[in-house]
Amino acid sequence: MTATLPTAVGAPLARLEGPEKVTGTAKYAAEYRTGEVAYGWVVQSPVPRGRLNAVLADPAADTLAVLWHGNAPRLKSGDDPELDVLQSDRISYRGQAVALVVAGTLEAARRAAQELRLDITTEEHDALLRTDHPGLYTPERVNPAFPAETSSGDVDTALAAAAVAVDVTYRTPALHNNPMEPHATIARWQDGDLELHDSNQHPSGVAATVGALFGLPPERVHVITEHVGGGFGSKGTARPNAVLAALGAKVVGRPVKVVLPRQAMFSMVGHRTPTIQRIRLGAEPDGTLTAIDHQATEQTSRLFEFAEQTTVVTRHMYAAPNRRTGHRLARLDMPTPRWMRAPGEAPGMVGLECALDELAERLGIDPIELRVRNEPAVEPETGVPFTSRHYVECLRAGAERFGWAGRDPRPRQRRDGDWWIGTGMAGATYPTMAQPSTARVRALADGAFEVAIGATDLGTGARTILTQIAADALAVPVERIRIRIGDSTLPKASVAGGSSGSASWGWAVTGACRELRASGRDEATFDSSELVQHQEKDGRHAFGAHFAEVRVDAVTGEVRVSRLFGMFAAGRILNPRTARSQLLGGMIMGMGMALHEEGVLDPAMGEWVNHDLAEYHIPVHADVEDIDAAWLDEHDDRINPMGSKGIGEIGIVGSPAAIVNAVWHATGIRVRDLPVRLDKLL
Ligand code: MOS
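Residues numbered from 1 in each chain as written. Predicted model: local features only at pLDDT ≥ 70, side-chain atom pairs only at ≥ 80, totals over all residues.

Taking an unreviewed UniProt entry as the reference, the protein is identified by name as Xanthine dehydrogenase belonging to Paractinoplanes ferrugineus.

Below you can see the structure in the form of structure tokens.
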């Protein structure tokens, strides 16, 4: 069959729902009017550890219900103890939901919540991550299923014998997910079935999880997730707001809406663990790496083990005969860390890429050249070939575009008035993943095609890209595709996470469209499970390189990122407009990681003290100056039918290190604990 139509994939199609979003008619979870809705206000524990003995409510308060473990309906215990809300007197972290007040208005619910008295027996707590924590242990696996430790060759001997070695410790702080749209749910029970308007990254996953807690099969839970204002991993699974809304609605017999206030998100939706990373590198005088050792110390909670895969990235970046990676965890009286954009890769590449910059300085070798000299032919730890790897090309092409040639390698050389100027670079990588999904396509009477898949669009453009993929697979213009996503009753799709959405869902959509054409029928459904699970175990990764120019005020220490440029090799770019936006978004989030974002812990109180956007700083428009992203025309037909690698996360990987390295080049100061606050430069 020959398609003569112009291909939709690769065109810079604008987001299909853009007009609805900018005119305010696109509905987010909290905006549905489901009649008689009541409002739930979450009461959070004011202590990090203890027992909740009683909740005393003002009998005069204007409430419909005050739920706590003493009176809440019983849930079946699921896989995630943080969702067993209001089931036990045990308090495991500060900010944990201990009660839900439901009232006819938001104001009445909040007011009554403020008047509640909590009778709590406090216990001693431990909230501080440290490398000499007595409880440190090595987990069996790190997220999602990697061995916690790897080792080959003899690292210690190689380091001792190395002509040049570095042994440095980098720290990254706790970071907090703050999508524009807070987590929100409206729950409604009807004839024993549950309907949730919920902001999440995985409607069918939320239906299954929340259903199990209430003893319902997934088909009796209907999750509607039409539009989502960002997630970054924090909406990858159901969060307590969904369970609380369902509990509240069950008790008061009305729909209940629970929207997390921004302050509550800092403890209730998962954060990125702080990390303490020791990196040791050994090299020959010509820059050839002889040993790499990357060890991370990080935290999890008392409730649940989440082991961030911080050093996994080091397993496939550079060649070296002797290598070791590992992770150690401490269980603290803190909320459980969770996914946050590029969990593992983002903090891990800070350690690795900043340490390489230090090695380049010691060797007197250009940092790009050092990386080129250690380019592996196959995945260094597994020996398997890469499906495609154009890292060196990204380094070279990026350097060209950025204007790296002729850079004076010495730090603290360029000055413009009060400003020290420096440049830095770092590598980027992210795994190429796909997960089983199912799509259905129907030929409609008017010549259009309905394409249905239970995927979600977090604002990334997923809806638009799936439309482009379907148009090409059916060889029709995009105008003839009617895409339906964002609903758990549609064919089951994988989570919008791991930069795998387009690949996973696009695979299923392509399959359904091809089957429709081949069968000649007017409906086809395609489940990609078998194809996805039978992929070869080869090295599947996207690569890139970041380049930063910074200006540091010699008097105040203020850092400005005057230029930030990323060059990527991420397979076929499905839509350059939405792709660029994803890459820039990641790079800007990386700027936040380098310079602004930091959950500041008060160990005595077991809390992050800066739990709002006034005190937890993120980059704003004024922080972003000259920024751009570009990509190589990379073809990889071994990964999926589209040849796409996923671009949601690679932008945040490496961009923080490029900025930190540029700060050193500007000032001569190596800041090894992020963020680079101005007080660290004075
Ligand atoms: Mo992302 S942390 O894989 O949702």
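Lay out the overall build of the protein in plain terms, naming residues and giving numbers.
Scanning the protein for helices and strands turns up 15 helices and 30 strands. Whereas a compact globule of 682 residues would reach a radius of gyration of roughly 26 Å, the protein reaches 26 Å, a difference of no more than 12%. Once the C-alpha set of the protein is aligned to its principal axes, its extents read approximately 75 × 70 × 50 Å. (Helix = DSSP H or I, 4+ residues; strand = E, 2+ residues; numbered from the N terminus. Rg over C-alpha atoms; globule rule 2.2 N^0.38 Å.)

Residues and numbers for the environment of S388, please.
Within the secondary structure layout, S388 lies in the loop between α9 (367-373) and α10 (391-402). Looking at S388, the number of C-beta atoms within 10 Å reads 23, which means it is buried. Taking C-alpha positions, S388 is 9.1 Å from A569, a pair spaced 181 residues apart along the chain. With residues up to four places along the chain from it excluded, the contact list for S388 reads E634 and D636. (Buried ≥ 20, exposed ≤ 12 C-beta atoms within 10 Å, placed from the backbone. Contact = placed C-beta atoms within 7 Å.)

Summarise unusual backbone geometry; cite the residues concerned and give the values.
The omega angle of the peptide bond from N143 to P144 is -5°, so this bond is cis rather than trans. For P144, the location among the structural elements is in the loop between β7 (141-142) and β8 (146-147). The omega torsion across L674 and P675 is -5°, close enough to zero to call that bond cis. Within the element layout of this structure, P675 appears in the segment after α15 (655-667). Within the chain, E36 stands out as a residue other than glycine whose phi angle is a positive 60°.

So, the sheet that holds strand β6 (residues 117-122): which residues are in play, and what are the values?
Strand order in the open sheet formed by three strands is β4-β2-β6, with antiparallel pairing between adjacent strands. The outermost strands of the open sheet, each flanked by one partner alone, are β4 (90-91) and β6. Bridge count between strand β2 (residues 50-56) and β4: two bridges; the pairing is antiparallel. Opposite R51, over in β4, you have R90 as the bridge partner. (Pairing = 2+ DSSP bridges.)

Account for the packing of helix α8 (residues 345-363) against α15, naming residues and giving values.
Where α8 contacts α15, the two axes come as close as 9 Å, and the packing angle between them is 35°. Crossing angle aside, the handedness with which α8 passes α15 is right-handed. Here M349, V350, E353, C354 and D357 of α8 lie close against α15, whose contacting residues are P656, A657, V660, N661 and W664. Tallied by class, the residues present in the contact of α8 with α15 amount to seven nonpolar, one polar and two charged. (Axes fitted to C-alpha atoms, helices over the stretch in contact; angles between N-to-C directions. Left-handed = near helix turned anticlockwise from the far one by under 90°. Nonpolar A, V, L, I, M, F, W, Y, C, P; charged D, E, K, R; others polar.)

Give me the sheet that holds strand β22 (residues 438-443): which residues, what numbers.
Spatial strand order, β24-β23-β22-β25: four strands in an open sheet with mixed pairing. Whereas interior strands pair on both sides, the edge strands pair on one side only; in this sheet they are β24 (481-484) and β25 (523-527). The sheet shows a mean angle of 15° between the axes of neighbouring strands, direction not considered. Where β22 lies against β25, five bridges are found, and the strand directions are antiparallel. Paired with R442 across the two strands is E523, which belongs to β25. Where helix α11 (residues 462-474) meets the sheet, it contacts β22, β23 (449-452) and β24, and its direction lies at approximately 135° from that of β24. Here helix α12 (residues 501-519) sits on the sheet in contact with β22, β23 and β25, set at roughly 40° to β22.

Explain the UniProt feature "domain: Aldehyde oxidase/xanthine dehydrogenase a/b hammerhead" (unreviewed entry) in the protein residue by residue, including any values.
Under the feature "domain: Aldehyde oxidase/xanthine dehydrogenase a/b hammerhead" (unreviewed entry), the UniProt entry names residues 23-124. In the segment residues 23-124, helix accounts for 10% and strand for 31%; the C-alpha atoms at its two ends are 51 Å apart. (UniProt positions renumbered as here; feature names shortened; annotations may be inferred.)

Tell me what's going on with the domain arrangement of the protein, and back it up with residues and numbers.
Each domain of the protein was delimited in the assignment, giving domain 1 (18-27 + 435-533), domain 2 (34-124 + 180-230 + 235-268) and domain 3 (141-175 + 271-432 + 538-681). With 14 residues of domain 2 at the contact, the number on the domain 3 side is 15 residues. Per-class residue counts for the side of domain 2 that touches domain 3 are four nonpolar, five polar and five charged. (Domains from an automatic or database assignment.)

Hey, could you go over the environment of T489 for me, with residue numbers and the actual values?
Here T489 is to be found in the loop between β24 and α12. The exposure class assigned to T489 is partly exposed, which follows from the 16 C-beta atoms found within 10 Å. A sequence separation of 204 residues divides T489 from P285, and the C-alpha atoms of the two residues are 61 Å apart.

I'd like a description of helix α5 (residues 240-252), backed by residues and values.
Between its first and last C-alpha, α5 extends 18 Å over 13 residues, near the 18 Å set by a 1.5 Å rise per residue. Within α5, ten of the 13 residues are buried, which leaves the element mostly enclosed by the surrounding structure. Those residues of α5 lying buried are P240, N241, A242, V243, L244, A245, A246, L247, G248 and A249. In the segment just after α5, G253 is the residue with positive phi, at about 70°. (Expected span 1.5 Å × (residues − 1).)

I'd like a description of the nonpolar core, backed by residues and values.
A470 and V509 are the most contacted members of the largest nonpolar core, which has 200 residues in total. Of the residues forming this core, the biggest block, ten residues, is contributed by α8. Beyond its immediate chain neighbours, meaning those up to four positions away, V509 contacts A439, V451, I453, L466, I469, A470 and A473. (Core = buried A, V, L, I, M, F, W, Y, C linked by C-beta atoms within 7 Å.)

Explain the pairing of strand β1 (residues 38-44) to me, and be specific about the residues and the numbers.
Along β1, six of the seven residues are buried, which leaves the element largely enclosed by surrounding structure. The pairing of β1 with strand β5 (residues 97-103) spans six bridges and is antiparallel. Along β5, the bridge assignment pairs G40 with V102.

Help me get a handle on α10, residues and values and all.
Across its twelve residues, α10 extends 16 Å between first and last C-alpha, which sits within 8% of the 16 Å expected from 1.5 Å per residue. Among the residues of α10, those classed as buried are Y391, C394, L395, G398, A399 and F402. Buried residues in α10, looked at end-on, bunch into an arc of 125°, giving them a common side. In this structure, the buried side of α10 is in contact with α9, β21 (419-431), β26 (541-553) and β27 (559-569). Backbone geometry just downstream of α10 places G403 in the positive-phi region, at approximately 85°. (Arc of directions from axis to C-beta.)

Could you give an account of the packing of α11 against α12, naming the residues involved and the relevant values?
With their axes 9 Å apart at the nearest point, α11 and α12 run at an angle of 30° to one another. Between α11 and α12, the angle is such that the two are roughly parallel. In this structure, the crossing between α11 and α12 has a hand that is right-handed. Between α11 and α12, the residues in contact are A462, I465, L466, I469, A470, A473 and L474 and G501, S502, W505, G506, V509, T510, C513, R514 and R517, respectively. Of the residues belonging to the contact of α11 with α12, the class tally is ten nonpolar, four polar and two charged. (Parallel < 35°, antiparallel > 145°, perpendicular 65-115°, else oblique.)

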